[in-house]
Amino acid sequence: MSLQAPEFFAELCLPFHDSTVVGNTYFAAPVPGAPLRLRIDFTRTIHADTYGGLRLAVVHPDRGEIDAVALSFLDHGTFHRRDEATNTRPNTKQHGTFDKYHRPGRPPWEGAVTTGLRDAIEQYTAVWFPGAWTASAPSRAAARTAQTASVAPVTRSGARAR
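Please read these numbers as outputs of a predicted model, since none were measured by experiment. (Residues numbered from 1 in each chain as written. Predicted model: local features only at pLDDT ≥ 70, side-chain atom pairs only at ≥ 80, totals over all residues. Heavy atoms only, no water.)

Its location among the elements puts threonine 78 in the loop between strand E5 (64-72) and helix H2 (80-85). For threonine 78, a relative accessible area of 0% puts it in the buried group. Once residues lying within four places of it in the same chain are set aside, the contact partners of threonine 78 are Phe73, Gly111, Ala112, Val113 and Leu117. (Helix = DSSP H or I, 4+ residues; strand = E, 2+ residues; numbered from the N terminus. Buried < 20%, exposed > 50% of the residue type's maximum accessible area, 1.4 Å probe, protein only. Contact = heavy atoms within 4.5 Å.)

Okay, here's the thing in structure tokens:
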């Protein structure tokens, strides 16, 4: 069954006009005329046909892959709401992941909230592709609200740090 990758990447609302999805991989040239390219793949888990995040890679046409980072769905809250609603327990195959099997007419990543992933992709690409998130991109800044969060003080555990 298909991962419906074009729909997933469309859900991310990435602003790169020169982009395409081939199979389950997203390719983009975020800065026109620059040699660096962006490649985004789904990361596999230890379970067959199960995906736990995205892998972003910066690729140069002559030098190959220059840098890469893995963004887990769990770390970015992609399936937090879905897992809470379905009472999916941590440390199970389904927690914070999706697989290629799904209900007819629904994407396999149904219930994904992609805001955290999109923000992480924006931060990563801002380093490698300055100015790529142009004014023509859909602005979410107006929807953001500043919140003050209290931070718990850092305490040392009994374990030794090396």
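Relative to the helices and strands, glycine 52 resides in strand E4 (residues 50-60). Sequence separation between glycine 52 and glycine 96 is 44 residues, and the spatial gap between their C-alpha atoms is 6.6 Å. What glycine 52 contacts, discounting residues up to four positions off in sequence, is Thr43, Thr45, Leu71, Ser72, Phe73, Gly96 and Thr97.

Moving on: the nonpolar core. Residues Phe8, Phe9, Ile40, Phe42, Leu54 and Ile121 are the most contacted members of the largest nonpolar core, which totals 30 residues. Contributions of two or more residues to this core are made by helix H1 (5-12), strand E2 (25-28), strand E3 (37-44), E4 and helix H3 (115-128). Apart from the residues lying within four places of it in its own chain, the contact partners of phenylalanine 42 are Leu3, Ala5, Phe8, Phe9, Asn24, Tyr51, Gly53, Leu54, Phe73 and Phe98. (Core = buried A, V, L, I, M, F, W, Y, C linked by side-chain atoms within 4.5 Å.)

For arginine 63, the position within the fold is in the loop between E4 and E5. Here arginine 63 falls in the exposed class, since its relative accessible area comes to 66%. Considering only alpha carbons, one finds arginine 63 and leucine 36, 27 residues apart in sequence, at a separation of 9.9 Å.

Below, the discussion takes up the environment of glutamate 110. When you line up the elements, glutamate 110 lands in the loop between strand E6 (98-99) and H3. Under the relative-accessibility criterion, glutamate 110 is labelled partly exposed at 26%. The spacing of glutamate 110 and arginine 82 is 28 residues in sequence and 8.3 Å in space, taken between C-alpha atoms. Setting aside residues no more than four positions away along its own chain, glutamate 110 makes contact with Phe79, Arg82 and Arg103.

Here the focus is the pattern of salt bridges. For the structure shown, the criterion picks out five salt bridges. For the salt bridge of glutamate 65 with arginine 55, the shortest nitrogen-to-oxygen distance reads 2.7 Å. Taken together, the positions of glutamate 65 in strand E5 and arginine 55 in strand E4 put the pair 10 residues apart, joining distant regions of the chain. The network of salt bridges with shared partners includes Arg39, Asp41, Arg55 and Glu65. (Salt bridge = Lys/Arg side-chain N within 4 Å of Asp/Glu carboxyl O.)

Attention now goes to the pairing of E3. Remark: a regular strand shows side chains that alternate across the two faces of the sheet. Pairing between E2 and E3: three bridges, direction antiparallel. Within E3, the position partnered with alanine 28 by the bridge is leucine 38. Bridging between E3 and E4 involves eight bridges; their strand directions are antiparallel. Bridge pairing in E4 links isoleucine 40 to leucine 56. (Pairing = 2+ DSSP bridges.)

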